[in-house]
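Secondary and tertiary structure notes
Okay, here's what each chain looks like letter by letter:
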Amino acid sequence: MPDGQSEKTENEAMPMPPQAPTGPAFAYFDQDEEAKALGLFEILSEDSSYDPANTARFDKALSLDLYRGMLLTRLMDKQFMALQRQGVLGFYAETLGQEAAGIGSAAALSSQDWLVPALREHGAGLYRGMDFGNFVAQLFGNANDVTRGRQMPLHPSDPATRYVNMSSCIATQLPHAMGIAMGIQIAGDGSEVCMGYMGDGATSEAEFHVAMNFAGVRKAPVVMVCQNNQWAISTPGTGQTASETIAVKGLGYGIESLRADGNDILAVYEVSKYAVEKARRGDGPTFIELLTYRVSAHTSSDDPSRYRDESVTKVWRTKRDPLVRMRVFLEKNGWLSEADFEAMVTQIEAMVRKSVEKQRDVTMPPLSSLIQDVFQTPWWRLEEQLATLEAIVD
Ligand SMILES: Cc1ncc(C[n+]2csc(CCOP(=O)(O)OP(=O)(O)O)c2C)c(N)n1
Ligand SMILES: [Mg+2]
């Protein structure tokens, strides 16, 4: 990447300790298919109480790493939304309240795996090592942007970490995710897994059913993750489906389907790890519903107070906040002091500010970039059109 190499170390994932889950909560996995799809797997309850038998895998390094990933997502979202309001950025969408769902699931992937995102996985991409400078360059659509300013802001893409460019058209990414998994089956050495994300709204689209059908039939190494934040812009979950849960839809396609508390990052990590390890063994796809809530507006172009009861949002913002839940867990274990927390905040905020300062004055992509990435070598017709355009601009 042209920029941001020094920032890369700031958000690299830590190696995962290879411990197997053991505690009573894991009896969830021994239930019949329907009970799993209708139930809700949880490790850290709302008041952060937990059975230590369920948290054996989460040592200090992994726990702090997961928390830092969520904190980075929240703090950068706040700064980028402020920049959007100041007119510096054209568009932005927060993941406020959903940080555990994105980070906890992506944390189960290894570096060679693929992540096919929907709208709210940019934090997860950065957690997996997406270059921060590259991400900010895409927000500005400047000359450092690998997509050459052709996408709306917040459509990052990072070939180095196999973070695939987001498709704005809802659910169109799901056949892509399933197709990548089929490609792994055909051409890979069997060690890679693809994780494809969607919102609850995407499960009503045709592409969801196409992808799930093929994934089930081909037993593809794909993990389909639905961040059920209970809203699709102004459509609530009750207006989206008559199904009892979203997870249960997977059973019709012969896909094992799990359902977890999406605001409990330890639970999200465990169900995701289970699914990723299963896919890597060649035992086929898993569908995961993560129950969470979109605390923020849909995007910077939306005002949710016009269509929903914000007193409900307040409960999710306070009592059910995934960062508070995990922070109490860290404090109970003596792994995060107030001073450690303050230092983490200062370091993240400074990194975001520094990167914005670096990227905001970078020039637009050159006109000649218009014909790049269309063919391997631009053909004469495109060269001719570019010359005409350059003459007009001059
Ligand atoms: C095919 C298609 N239809 C409609 C839209 C407009 N649109 C953009 S986001 C969105 C809602 C998405 O909801 P959901 O899948 O639950 O994801 P969330 O935004 O809640 O993360 C809609 C309707 C679109 N982008 N693509
Ligand atoms: Mg939604």
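Residues numbered from 1 in each chain as written. Chains lettered and ligands numbered in written order. Predicted model: local features only at pLDDT ≥ 70, side-chain atom pairs only at ≥ 80, totals over all residues. Heavy atoms only, no water.

Brief notes about the overall build of the protein
The number of helices and strands found in the protein is 14 helices and seven strands. Scaling as 2.2 N^0.38, a compact globule of 394 residues should have a C-alpha radius of gyration of about 21 Å, and the protein matches this with 21 Å. Dimensions of the protein, computed from C-alpha atoms along their principal axes, come out at roughly 70 × 50 × 45 Å. Taking all 394 residues of the protein together, 55% fall into the buried category. Across the protein, the fraction of contacts at a sequence separation of at least 24, relative to all contacts at a separation of at least 6, is 77%. A total of about 16600 Å² of accessible surface is found on the protein, and carbon and sulfur atoms cover 55% of it. (Helix = DSSP H or I, 4+ residues; strand = E, 2+ residues; numbered from the N terminus. Rg over C-alpha atoms; globule rule 2.2 N^0.38 Å. Buried < 20%, exposed > 50% of the residue type's maximum accessible area, 1.4 Å probe, protein only. Contact = heavy atoms within 4.5 Å. Areas by Shrake-Rupley, 256 points an atom, 1.4 Å probe, with all protein chains shown as cover.)

Structural notes on the confidence of the model for the protein
Predicted confidence across the protein gives a mean pLDDT of 94, with 95% of residues reaching 70 or more. Residue range residues 1-10 is modelled with pLDDT below 50. Its contacts to residues more than four positions away, or to other chains, number 25 contacts. (pLDDT = per-residue confidence, 0-100.)

Let's talk about the coordination of the magnesium ion (ligand 2)
Protein-derived coordination of the magnesium ion (ligand 2) comes from Asp200 (OD), Asn229 (OD1) and Trp231 (O), at a distance range of 2.1 Å. Binding-site remark: the magnesium ion (ligand 2) is held by donors from one chain whose sequence spacing is D-x28-N-x1-W. Here asparagine 229 matches tryptophan 231 in class, with each residue buried. (Donors = N, O, S within 2.8 Å, 3.2 Å for Na, K, Ca; no water.)

Quick notes on helix H7 (residues 173-187)
Here H7 is 15 residues long and its end C-alpha atoms lie 21 Å apart, about the 21 Å a rise of 1.5 Å per residue gives. Taken as a whole, H7 has its buried residues at Gln173, Leu174, Ala177, Met178, Ala181, Met182 and Ile184. Close packing links the buried residues of H7 with strand E1 (114-116), strand E2 (194-199), helix H8 (206-218) and strand E3 (222-228). (Expected span 1.5 Å × (residues − 1).)

Some details on the site of ligand 1
Not every one of the 14 residues close to ligand 1 is listed here, only the nearest: Arg120, Asp200, Gly201, Asn229 and Trp231. Within the side chain of arginine 120, an N or O atom sits 2.8 Å from an oxygen atom of ligand 1. One of the side-chain N or O atoms of aspartate 200 is found 2.9 Å from an oxygen atom in ligand 1. Computed on the free molecule, ligand 1 has an accessible area of 590 Å², of which 68% lies beneath the protein chains in the complex. Residues that form the shell around ligand 1 fall into these classes: six nonpolar, five polar and three charged. (Near = heavy atom within 4 Å. Polar contact = N/O pair within 3.5 Å; in protein donor to acceptor, adjacent residues only side chain to side chain. Nonpolar A, V, L, I, M, F, W, Y, C, P; charged D, E, K, R; others polar.)

Some words on helix H6 (residues 132-140)
Across the nine residues that make up H6, a large majority, nine, are buried. Turning to H6, its buried residues are Phe132, Gly133, Asn134, Phe135, Val136, Ala137, Gln138, Leu139 and Phe140. A distance of 3.0 Å separates the backbone nitrogen of glycine 133 from a side-chain oxygen at the start of H6, and that oxygen is part of aspartate 131.

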